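The lines below spell out each chain.
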Amino acid sequence: MEGFCNLLVEYGYDRDAIDRKVEETWQLLFEEHEATRIYYPAGEDMGYMLDTGNLDVRTEGMSYGMMMAVQLDKKDVFDRLWRWSYTYMYMTSGENKGYFAWSCNTDGTKRSNGPAPDGEEYYALALLFASHRWGDGEAPLDYGVKARQLLHDCVHNGEDGIGYPMWNPRNKLIKFVPNCEYSDPSYHLPHFYELFALWSEEADREFWKEAAAASREYLKLACHPVTGLAPEYAHYDGTPNDERGYGHFFSDSYRVAANIGLEASWFGASEWMRSEVDNIQAFFADKEPEDYRRYTIAGEPFEEKSLHPVGLIATNAAASLASPDGPHARASVELFWNTPVREGDRRYYDNCLYLFAMLALSGRYRIWPPAE
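Reading the values: rules and limits
- Residues numbered from 1 in each chain as written.
- Predicted model: local features only at pLDDT ≥ 70, side-chain atom pairs only at ≥ 80, totals over all residues.
- Heavy atoms only, no water.
- Helix = DSSP H or I, 4+ residues; strand = E, 2+ residues; numbered from the N terminus.
- Rg over C-alpha atoms; globule rule 2.2 N^0.38 Å.
- Buried < 20%, exposed > 50% of the residue type's maximum accessible area, 1.4 Å probe, protein only.
- Contact = heavy atoms within 4.5 Å.
- Areas by Shrake-Rupley, 256 points an atom, 1.4 Å probe, with all protein chains shown as cover.
- Lys, Arg positive; Asp, Glu negative; His and termini not counted.
- Charge placed at Lys NZ, Arg CZ, Asp CG, Glu CD.
- Core = buried A, V, L, I, M, F, W, Y, C linked by side-chain atoms within 4.5 Å.
- Phe/Tyr/Trp six-rings, centres within 6.5 Å; stacked < 30°, edge-to-face > 60°.
- Axes fitted to C-alpha atoms, helices over the stretch in contact; angles between N-to-C directions.
- Parallel < 35°, antiparallel > 145°, perpendicular 65-115°, else oblique.
- Nonpolar A, V, L, I, M, F, W, Y, C, P; charged D, E, K, R; others polar.
- Expected span 1.5 Å × (residues − 1).
- Polar contact = N/O pair within 3.5 Å; in protein donor to acceptor, adjacent residues only side chain to side chain.

> Go over the overall build of the protein chain, please, and point to the residues and values.
In terms of helices and strands, the protein chain carries 13 helices and six strands. Relative to a compact globule of 372 residues, whose C-alpha radius of gyration would be 21 Å, the protein chain shows 19 Å and is just as compact. Dimensions of the protein chain along its principal axes, counting C-alpha atoms only, are 50 × 45 × 40 Å. Buried positions account for 61% of the 372 residues belonging to the protein chain. For the protein chain, long-range pairs separated by at least 24 residues make up 65% of all intrachain contacts whose partners lie at least 6 apart in sequence. Of the roughly 14600 Å² that the protein chain leaves accessible, carbon and sulfur atoms contribute 47%. Across the protein chain, the centroid of the 35 positively charged side chains sits 1 Å from that of the 60 negatively charged ones.

Below is the structure:
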């Protein structure tokens, strides 16, 4: 597959150095580098992504790892992660039937019987890409079948009176969790939904088209018009939801900028996307990473320091794909290029966002369509 912008090359970075850095980042996260790794093989044919700060396995990380693996043609790792997910996290009964338990121990026992929708949407697209890139195999490696079933359940759960859908059926917005009525701006992936509209069950394709449009409008409401900052949790009207203390710009929020960058890489940037990226990069242009903090979306700092400064550097760099000629785009990418992957207990989230940014900026985070 060709045709995806390699912004690093456009900015003058050496192509061979870029390729080496992509492969090196994979190795640091997925191979035996104890200070940086987040992937661990399990048994003969499974593996998991460890949240090194909380010492659990999350659908977020598992689905992220699968997306990374399919992008880099690492089928063995993909299949190991998917087998672990399907064996231990997939729920076959109760109100969350058809979803994945968002947190498990490393032995596979569940810490939670509830899902987190960002995991489901990454699982679904990673599985579709795997089906297109490698072809379907024997269950549970019948990737396309599993993806379409998951997308069906995300839309239709609750229609029989049991459970809840992951998207609100009226406004077409993704929920924070299925049984509550508010959202998380970083969960909104309209570029994923455009592809679900092509490859999901035919009866649901119009829903996904509408969901893509609804999410694009929602992000305009949730992101501050001057700073570009989004809250971690937000009501359906876009206003911050601070009922549990998550109404400010903090760890979840970082992903919004990277999501916008990837959408621009896949489908082009709107004027709002360019302006949003320029605003958020301008907000951080005069701040040192060691002083990144929690902020109100208007930009007022708290005393609390960022838990994941490397992740924030990475997402702000990936955002440059939406505004490559913006006033702070090159500087954001240069800061990222010169920042190593993170070591230590908090490395999991930062290093996930780091590899995603490397893939996106190097043109390696691609749409994989069905084989012709």
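> Describe the nonpolar core, and please don't skip the residues or the numbers.
In summary, soluble globular proteins display a tendency toward joint burial of nonpolar side chains. Counting residues in each nonpolar core, the largest one holds 128 residues, and the members touching the most others are Phe-78 and Phe-192. The element that contributes the greatest number of residues to this core is helix H13 (residues 347-361), accounting for twelve residues. In this structure Phe-78 touches Met-66, Ala-69, Val-70, Ala-126, Leu-127, Ala-130, Trp-134 and Tyr-143, once residues within four positions along its chain are discounted. Residues Leu-173, Ala-214, Tyr-218 and Ala-234 belong to the second largest nonpolar core, which totals five residues.

> Explain the packing of aromatic side chains to me, and be specific about the residues and the numbers.
Tallied over the full model, the rule gives 44 aromatic pairs. Ring centres 5.6 Å apart and planes at 85° place the aromatic pair Trp-167 and Tyr-193 in the edge-to-face group. Placement of Trp-167 in the loop between helix H6 (143-156) and helix H7 (190-199) and of Tyr-193 in helix H7 is noted, with a sequence separation of 26 residues between them. Judged on exposure class, the residue Trp-167 and its partner Tyr-193 are both buried.

> Kindly report on the side chain of Asp-142, identifying the contributing residues and their values.
Residue placement: Asp-142 occurs in the loop between helix H5 (117-134) and H6. Note on Asp-142: relative accessible area 12%, which makes it buried. In this view, Asp-142 contacts Asp-136 and Gly-137; residues no more than four positions away in its chain are not counted.

> Can you explain the packing of H7 against helix H9 (residues 255-267)? Please cite residues and give values.
For the pair H7 and H9, interaxial distance at closest approach is 8 Å and the crossing angle is 45°. It follows from the interaxial angle that H7 and H9 lie oblique. Contacts from Pro-190, His-191, Phe-192, Glu-194 and Leu-195 in H7 reach Asn-259, Leu-262, Glu-263, Trp-266 and Phe-267 in H9. Residue classes in the contact of H7 with H9 are distributed as six nonpolar, two polar and two charged.

> An account of H5 is needed here, citing residue identities and associated values.
Here H5 contains 18 residues, and its C-alpha end-to-end distance of 26 Å stays within 8% of the 26 Å for a straight helix at 1.5 Å per residue. The element H5 is extensively covered by neighbouring structure, given that 17 of its 18 residues are classed as buried. Following H5 by one or two positions, Gly-135 adopts a phi angle in the positive range, close to 85°.

> So what about the side chain of His-308? Which residues, and what values?
By secondary structure assignment, the location of His-308 is in the loop between strand E6 (301-305) and helix H11 (309-318). There is a polar contact of 2.6 Å between the side chain of His-308 and the side chain of Asp-350. Once you skip the residues sitting within four places of it in the chain, His-308 turns out to touch Ser-251, Tyr-254, Arg-342, Arg-346, Tyr-349 and Asp-350.

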